[in-house]
Every structure is written in structure tokens, then in C-alpha cells.
Amino acid sequence: MQAPELKAPAFVRSGRSRTQVERWSWIFMRASGVILIVLIFTHLFINLLTGDGVNQIDFAFVAGKWASPLWKVWDLTMLVLAMIHGGNGMRLLINDYARTTWLRKTLKVALATSVTLIIVLGSLVIFTFDPCPEGTDPALLNIELCEDLGRL
Amino acid sequence: MTATAEAPAEIGAVETFEVTLRVKRQNPEGNDAHGPGEEYWEEFQLTCLATDRVLDALHQIKWNVDGTLNFRRSCAHGVCGSDAMRINAKNRLACSTLLKDLNPARPITVEPIAGLPVLKDLIVDMEPFFASYREIMPFLMTTGPTPERERLQSPEDRERFDDTTKCILCAACTTACPVFWTDGQYFGPQAIVGAHRFIFDSRDEGQWERLEILNDRAGVWKCRTAFNCTEACPRGIEVTKAISEVKHALNTGEV
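A short tour of the structure in this document, coming up. (Residues numbered from 1 in each chain as written. Chains lettered and ligands numbered in written order. Predicted model: local features only at pLDDT ≥ 70, side-chain atom pairs only at ≥ 80, totals over all residues. Heavy atoms only, no water.)

A word on the packing of helix α1 (residues 21–49) of chain A against helix α8 (residues 239–252) of chain B. Orientation of α1(A) relative to α8(B), taken along the N-to-C sense of each, is 105°, at an axis distance of 11 Å. On the basis of the axis angle, α1(A) is roughly perpendicular to α8(B). Where α1(A) abuts α8(B), its residues A:Arg23, A:Trp26 and A:Ile27 lie against B:Lys247, B:Leu250 and B:Asn251. Here the contact of α1(A) with α8(B) is built from residues that sort into three nonpolar, one polar and two charged. (Axes fitted to C-alpha atoms, helices over the stretch in contact; angles between N-to-C directions. Helix = DSSP H or I, 4+ residues; strand = E, 2+ residues; numbered from the N terminus. Parallel < 35°, antiparallel > 145°, perpendicular 65-115°, else oblique. Contact = heavy atoms within 4.5 Å. Nonpolar A, V, L, I, M, F, W, Y, C, P; charged D, E, K, R; others polar.)

This paragraph deals with unusual backbone geometry. Residues and elements named next belong to chain B. A positive phi angle, near 50°, is found at Asn88, a position not held by glycine. Relative to the assigned elements, Asn88 resides in the loop between β3 (84–87) and β4 (90–93). Its identity is not glycine, yet Phe227 carries a phi of approximately 65°, on the positive side. Relative to the helices and strands, Phe227 resides in the loop between α6 (207–214) and α7 (228–232). For Phe227, a relative accessible area of 46% translates into the label partly exposed. (Buried < 20%, exposed > 50% of the residue type's maximum accessible area, 1.4 Å probe, protein only.)

Between chain B and chain A, the contact holds 27 residues from the first and 20 residues from the second. Of the roughly 2100 Å² buried between chain B and chain A, counting both surfaces, carbon and sulfur atoms make up 41%. The largest contributions to the chain B side of the interface with chain A come from B:Thr182, B:Arg217 and B:Trp221, which together make up 28% of the buried area. The tally of links between chain B and chain A comes to two salt bridges. A salt bridge links B:Arg224 to A:Asp96; the nearest nitrogen and oxygen atoms lie 3.0 Å apart. (Buried area = accessible area lost by both parts, 1.4 Å probe. Salt bridge = Lys/Arg side-chain N within 4 Å of Asp/Glu carboxyl O.)

Moving on, we get to the nonpolar core. Soluble globular proteins tend to pack their nonpolar side chains together in the buried interior. Judged by nonpolar contacts, the single largest core of 71 residues is most densely connected at B:Leu21, B:Leu58, B:Leu99, B:Leu214 and B:Val246. When residues are assigned to domains, this core turns out to be shared by domain 1 (16–124) and domain 2 (127–143 + 153–252) of chain B, each giving three or more. Beyond its immediate chain neighbours, meaning those up to four positions away, B:Val246 contacts B:Ile192, B:His196, B:Ile199, B:Phe200, B:Leu211, B:Leu214 and B:Val220. One finds A:Leu36, A:Trp66, A:Trp74 and A:Leu81 within the second-largest nonpolar core, a separate group that totals eight residues. (Core = buried A, V, L, I, M, F, W, Y, C linked by side-chain atoms within 4.5 Å. Domains from an automatic or database assignment.)

Structure below.
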């Protein structure tokens, strides 16, 4: 009796990568997840549970918060981490569910574009924010802050 | 009224009950009622013993009701791992699942394990599963001259990978994994368990080659710790824990 001839396996895994990308992606998700829990829940606590709660949130409230560099950095970190964390999660889902290379590429380009766009727009708002724009009804402004700044 | 003594139950007699088995079937050649490759459910009414397992019910169908029913089984005692199937929406071995534990008052559903191509009825093509297992090189890799005696190991060193030596390659874990269902590239929990058994074996020297393979984008990082594998394992292996230990080894560089 002859031994059966060995054939190459019918199922070959494609796209071998020898990089550490997936490992760093996993570590990033763990670390940013923990940081985001602290950032988001503190954010929600400060905005919704202290002072007048949800009714206090208006332009003047945001202006008052962003007068302090702490909240600028806080919101910027939250924005960047949340977008990359969520974007990376979506990337994993696309890898799982999009079967054709064309669909996978298209979705990933759309995802990268929207993540970048939101981060850029968000940071732009945080950095170029004007608490006392000219010609605005003073009733909408944070009067205390604008008087301190000499803008009112 | 005369007192009548009830007939005493026969000693050693086993209770019987009626049970409905809903089996998901598929015939690649088709039959009178169904086209080739069409999936359909078929119900079987059976009278089973209280001690019967799902496998006994399937035998009863195949031997007495419908000989065309196809399923794998070999040892029928939970050792060979041939008869993993999805019973009442959970992966189990048909030979180690008692009917009475499945609420026989309602129909019991039996399906092939998910995520692998169905060949016929309850038989799936296991090749993608075995291909993943082969890729992690499930054999002892050593350097240096072969010792004349067996390679000795302390009980503590053996304890390190004891859990993953229990694997019987039944595929219940891999086909319970949601990532495996959607992503055809993922190695699956079983291949990682198979690798874990050698990575943490003090006698083996191929651990970094295996870890390198599992560091791939089809490797351990695809695991989202859904715990479906741990729940499905008929041998009670803590599969998700084993996967985490492999991740830990890759992150710390310590085996």
C-alpha cells in the first residue's frame, strides 16, 4: 500500500503581517478605554450632576468652562481618544464583516476621513473659541468672564 | 371499596418519555421534497429512555426512522470529539448531553456547528479548523541531541499547561466564536489552545515561533473575550483564560 500523496492545504491564510500593529492596537484599546471611562464620567458628572444640571448648559456655561486650560485639555483628550478608540473599533468591525477588498478599502478610507475631519474640526473649535464674540446679545454671554477679559 | 395494591414498578425499569427532535438537514444532491443544498428542518417524534443522550436519539432516527440522516460519531463517550453539534442553540457533544437535561417537553433543536461549510445534514467540513491547528505547529520542538530517556518535567511545570492538554479537537469552541463566524481569517480559540499547550511546556523550545504566528493579524488580537469558547468547551477548558495568557506572553515577552 502506498502512502497518500500530501497536497498543499486547500485553505491558505492571506495577508500575513509581521508587524506589531495588531498588538499595539489591542494595547491602545485597553489603555484608552480605561482613561475614557474616567474622562467621560467626570465630564458627565460636572456637566449634569453639579450646579443646575442639564439646564445650565448653554453658550455661557461652555465659555466659562473653557476659560480654564484644564477643561480645554480635558475636552481635547476626550475628543482625540474617543475618536481613535471608536475609529479603531470600527476598523476591526470592517475587517470582520467586509468580505471584498474593494468594500474594505472604501469603508476604511471613509472611516479615516470622518475620524480626521471630526478631530480637526473639534480641535479647531477648542483652540479658536471666542467666549465674547462682537455684537452678540449680552444675555447669551458669560458676563462675568467677558467683563474680566475687558470685552464687555 | 376494595383496596388494590398498585402494581409495583419493575425493579431496574427505566422511565420513558416522548420527545421531539428538530434536526436541521441539508442534502447536497437533493431529495424528492428538497433541492440540492437546500437547508430545512425536519421533526422526529421519538420515545426515549430517561437515560438517553442526544446521540441515542439520533441513533434511533438513523437506525429505525430515517437512514438518510448523517452525523459523525466515533467513540460515543465524549473522548474522540467527533459529534460536536449545536443542540438547543449551544455547542455540545451529542454523546455527553442527556435528553432529560434539555427540557424534553419542548422540541430539541439539533444543528451542525456554525461557521464551517456544511457537507451534509450534521456533518461539516472540518478542514479550515484543522488547517488553523496545523499552522501553530502542534508538535514538540527541541534543539540538541535527543535524550536517551524521556524528557522529565516537574509537577509544577506540568501544571502550567495542564488545562489545555484536555483538548479533543471537537471544534465546539471555535464554532461558538462570533469572530470566527464573521471573519474567515481568524485562527479560532482551538488553535490558540493547541499553541498554549506547547508554548507553556517547559520541554518545548518552539514557543517564540508559535507566539510569532499568533501575533499575526489573524491571531490572538482578534479575540474580543466574548467567553463563548469557555462556555462551549465540553472538557471544561478555560479557553478565554488560555488566550489571555498568550496575549500576556506577547505583551511582556515572558513565557
